[in-house]
Amino acid sequence: MTTPHRISHAQRVLPVTQSPRPRGVRDLIRSRPLISFFVFANALSWAAWLPYVLSEHGLGLWAFRFPDVLGSSQILGVLPGAYLGPIFSAFLVTAVVDGGKGLRTWVRRLWRWKVAPRWYAITLLGVPVGMLLTGLAFSGGQIAAPSVSALIAFVPILLFQMVTTGLAEEPGWRDFALPRLQFRFSPLKAAFILGPLWGAWHLPLFLTDWGGYPDASWTRPLVFLAFCVAFNIVMSWVFNRTGQSLPLSMLMHVGVNTFASVLWVEVFPSLDGELALVAMAAGAAVAAAALLIATRGRLGYAAPKTDRTSAEGSISAGTT
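This one's a predicted model, so the numbers in the text were calculated from it and none came from an experiment.

So, how was this worked out
- Residues numbered from 1 in each chain as written.
- Predicted model: local features only at pLDDT ≥ 70, side-chain atom pairs only at ≥ 80, totals over all residues.
- Heavy atoms only, no water.
- Helix = DSSP H or I, 4+ residues; strand = E, 2+ residues; numbered from the N terminus.
- Expected span 1.5 Å × (residues − 1).
- Bend = angle between axes of the 7 residues up to and from the residue.
- Polar contact = N/O pair within 3.5 Å; in protein donor to acceptor, adjacent residues only side chain to side chain.
- Buried < 20%, exposed > 50% of the residue type's maximum accessible area, 1.4 Å probe, protein only.
- Core = buried A, V, L, I, M, F, W, Y, C linked by side-chain atoms within 4.5 Å.
- Contact = heavy atoms within 4.5 Å.

## A few points about helix α10 (residues 246–267)
In this model, α10 (22 residues) spans 30 Å end to end at C-alpha, consistent with the 32 Å of a helix rising 1.5 Å per residue. Of all the bends in α10, the greatest, near 45°, is centred on Ala 260. The N-cap of α10, judged by a side-chain oxygen 3.5 Å from the amide nitrogen of Leu 248 a few residues on, is Ser 245.

So, in structure tokens, the structure goes:
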């Protein structure tokens, strides 16, 4: 009969330690969905924009020009990177973190057109009225009637911007990031976090003709960042008050872009590129300040009546 092996006291009380398993990319995304989204959105877009920045449309280090499509090289040079950034990153992180149920919630907001008619009036008319008033203030009252061709082109360009700029950006910034930021922080803090990040995403484009390079002054990116911070507050209010309707956010976003690119110089010929952007930033700041005062910083936000594990306000909404 063999003698049983005696186990020492140290062997009995000390557990066998195992080296921790390395965390995979999926685990990192699940634990930090917001950070993952912002990293992916910037990395993917900036990588896709690099050829445009290096080309003759930008720094001129690459002797190549992107062909014009619909009169603009930015369709091929800028738009693919825009699609690859916010909307694709939002889709990717939502799929990893929330699965199919989360994706359905995310997509439903993309089709939330059914809102009170007054919000269509606020979105479609409020932006042009606000920009007209701002333009009057900064142009010294010098105003001209827009050409017939500009008026005819306005609606088609607005619709085109809906499926390009609006669709590329808003499902990421407003549909994915804003609800999670507001769930984690206050609406005011969320607005001041998202605004600079939204603006910073555009920064490489200021090294191209998109941002007026090489003729634009060094202050233009700073003014643009200020505009994004202020206008994001306005967009957050519209997003919250319309029951998180992405189409209305898209309309407001592209409404500014379309008016600025189609009618701004037509109506206010004395406003050049630099002064026009300053005027837009100032107008957005006035609107943002008025909304912050009127809503006491709540920006129309109502916390979801769900716990942190529900579909609308999942645990991912409370992590950064």
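## Some points on unusual backbone geometry
With omega at 5°, the peptide bond leading from Tyr 213 into Pro 214 counts as cis. The residue Pro 214 is located in the loop between α8 (187–201) and α9 (220–241) in this model. Unusually for a residue other than glycine, Gln 244 sits at a positive phi of about 60°. Within the element layout of this structure, Gln 244 appears in the loop between α9 and α10. By relative accessible area, which is 17% here, Gln 244 ends up buried.

## As for the nonpolar core
In terms of nonpolar packing, the biggest core is built from 75 residues, with Phe 37 and Phe 231 touching the most fellow members. For this core, the secondary structure elements donating two or more residues are α3 (33–54), α5 (79–110), α6 (117–139), α7 (148–184), α8, α9, α10 and α11 (273–295). Those residues in contact with Phe 231 that sit more than four places away from it in its chain are Trp 198, Met 252, His 253, Val 256 and Ala 284.

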